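# Results of the structural survey
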Amino acid sequence: MSDAKWCPPSLRGIVTDYIQFGVMMWRMDVEMASLLRLTLERLGVNEVVDLCSGSGGPWFRVQWMMEKEGFPVKVWLTDKYPNAAALTFARNASGGKFDFCSEPVDATRVPETLGGFRTIFSGFHHFRPGEARDILRDAVDCQQGIAIFEITKRTAWSMLNFAATALLVPLCVPLLRPFRWSRLLWTYLFPVATPVILFDSLVSCLRSYSITEMRGMTEGLDAKGYTWEAGEIKPPHSPVPITFLVGYPTKNSLKVYEAFESL
Ligand SMILES: C[S@@+](CC[C@H](N)C(=O)[O-])C[C@H]1O[C@@H](n2cnc3c(N)ncnc32)[C@H](O)[C@@H]1O
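Every value quoted in this text rests on a predicted model; they were computed, and no experiment measured them. (Residues numbered from 1 in each chain as written. Predicted model: local features only at pLDDT ≥ 70, side-chain atom pairs only at ≥ 80, totals over all residues. Heavy atoms only, no water.)

### Digging into the site of the ligand
Lining the immediate environment of the ligand, one finds 19 residues, of which Cys52, Asp79, Asp106, Ala107 and Phe121 sit closest. Here Asp79 contributes a side-chain N or O atom positioned 2.6 Å from an oxygen atom of the ligand. One of the side-chain nitrogen or oxygen atoms of Asp106 is found 3.1 Å away from a nitrogen atom of the ligand. (Near = heavy atom within 4 Å. Polar contact = N/O pair within 3.5 Å; in protein donor to acceptor, adjacent residues only side chain to side chain.)

### Side note on the sheet that holds strand E7 (residues 242–249)
A sheet is described by the order of its strands in space; here seven strands give the open sequence E3-E2-E1-E4-E5-E7-E6, paired in mixed fashion. A single partner strand is all that each edge strand has here, and the edge strands are strand E3 (98–100) and strand E6 (226–233). Direction aside, the axes of adjacent strands within the sheet are offset by 20° on average. When strand E4 (residues 117–121) meets strand E5 (residues 146–150), the two strands line up parallel, connected through four bridges. Looking at E5, one finds that Thr119 is bridged to Ala147. (Pairing = 2+ DSSP bridges. Helix = DSSP H or I, 4+ residues; strand = E, 2+ residues; numbered from the N terminus. Axes fitted to C-alpha atoms, helices over the stretch in contact; angles between N-to-C directions.)

### Notes on the side chain of Asp138
With respect to the secondary-structure elements, Asp138 resides in helix H5 (residues 129–141). Accessibility expressed as a relative area gives 12% for Asp138, which makes it buried. (Buried < 20%, exposed > 50% of the residue type's maximum accessible area, 1.4 Å probe, protein only.)

### A word on the nonpolar core
Of all hydrophobic cores here, the largest spans 40 residues; its most connected members are Leu35, Leu36, Trp59, Met66 and Phe149. Look past the residues within four positions of Phe149 in its chain and what remains in contact with it is Met32, Leu35, Leu36, Ile120, Phe121, Ser122, Ile242, Thr243 and Phe244. Val49, Ile135, Trp228 and Ala230 belong to the second largest nonpolar core, which has 25 residues in total. (Core = buried A, V, L, I, M, F, W, Y, C linked by side-chain atoms within 4.5 Å. Contact = heavy atoms within 4.5 Å.)

### Thoughts on helix H3 (residues 59–68)
Trp59, Val62, Gln63, Met65 and Met66 are the residues of H3 that are buried. For H3, the angular spread of the buried residues around the axis is 165°, confining them to a single face. Where H3 is buried, its residues contact helix H2 (28–43), strand E1 (47–51), strand E2 (74–77), E3 and E4. Where H3 terminates, the next one or two residues include Gly70, which has phi positive at roughly 85°. (Arc of directions from axis to C-beta.)

### Thoughts on the pairing of E1
With four of five residues buried, E1 is to be regarded as a mostly interior element. Pairing between E1 and E4: four bridges, direction parallel. Paired with Asp50 across the bridge in E4 is Thr119.

### Let's talk about the environment of Ala163
With respect to the helices and strands, the residue Ala163 is situated in helix H6 (residues 156–167). Counting along the chain gives 36 residues from Ala163 to Phe199, while the straight-line C-alpha distance between them is 8.5 Å.

### Details of a nonpolar patch on the surface
A contiguous nonpolar surface patch, about 300 Å² in accessible area, is contributed by Leu185, Leu189 and Phe190. Taking the relative accessible area as the measure of exposure, Leu189 reaches 58% and is therefore exposed. (Patch = residues over 30% accessible without salt bridge, like charges linked within 9 Å, V, L, I, M, F, W, Y side chains within 5 Å. Areas by Shrake-Rupley, 256 points an atom, 1.4 Å probe, with all protein chains shown as cover. Salt bridge = Lys/Arg side-chain N within 4 Å of Asp/Glu carboxyl O.)

### Quick look at the pattern of salt bridges
Here the structure, examined in full by the defined rule, presents 11 salt bridges. A salt bridge links Arg37 to Glu41; the nearest nitrogen and oxygen atoms lie 3.1 Å apart. With Arg37 and Glu41 both in helix H2 and four residues apart, the pair spans about one turn of that helix. Residue class for Glu41 comes out partly exposed when judged on its relative accessible area of 39%. Taking the shortest distance from any N to any O, the salt bridge between Lys153 and Glu232 comes out at 2.8 Å. Separated by 79 residues along the polypeptide, Lys153 in the loop between E5 and H6 and Glu232 in strand E6 bring together distant segments of the chain. Given a relative accessible area of 25%, Lys153 falls into the partly exposed group. Take Glu232: its relative accessible area is 18%, and that puts it in the buried class. If you follow the salt bridges from partner to partner, you end up with Arg37, Glu41 and Glu69 in one network.

Written out as structure tokens, the structure reads:
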């Protein structure tokens, strides 16, 4: 739904803003920031190209947490359907730490001029297996590392949690920042935000790839000296886990997730 062409940008914005809000409330961004910091620190990279950014995803807090831990990064936010209002807000509020591409950027074919470690938060399940593999292949072809984080999972437990969260939309919408009149319009006057978010969450769960499927997509993509790690992180404050896939040009005996687990 959040990538449907017919969906008005302001309604699409509510879906991505709500995902962002959920990630923050369940403090999933803390775990994502730790794994990313370890990866980028070990690779010696501090430029990031975020794909499928929506409203900026968890990068606001992730960037802040990484900076607090002594590893600031510069982030380019990109999307095939850039949400100019949300991305301008992110850029202005970041004090120069974020910038965004106003032109559409397709995650399966990132322009070579956009160099940096790639990230995708809650966007990988939007792609069919062939396209999802194209995203990974494009990163390998450009010799860029990539980290993918998914908060949805194809399980009844995950669907139940996301359904319950979607039903809280009318209570939570006034808490979303920055304030936008359009959210009130879509939530209370023409009350489609709740069913749209409910539908989007359930479809996202059903479309999510398992760890085994993600690992399968990387088969044959390590010939150019790439290390791939996939697994699950269980944030202490979240009822659902985060599934991740990280790939990077192999350096020494670097294994990021093993290091993350031993923290
Ligand atoms: C569920 S949203 C994820 C938003 C954000 N990353 C977050 O965590 O809140 C998925 C985003 O993927 C974008 N998208 C869909 N197809 C894409 C493509 N081929 N290339 C880049 N972005 C795409 C959509 O416009 C949408 O903003």
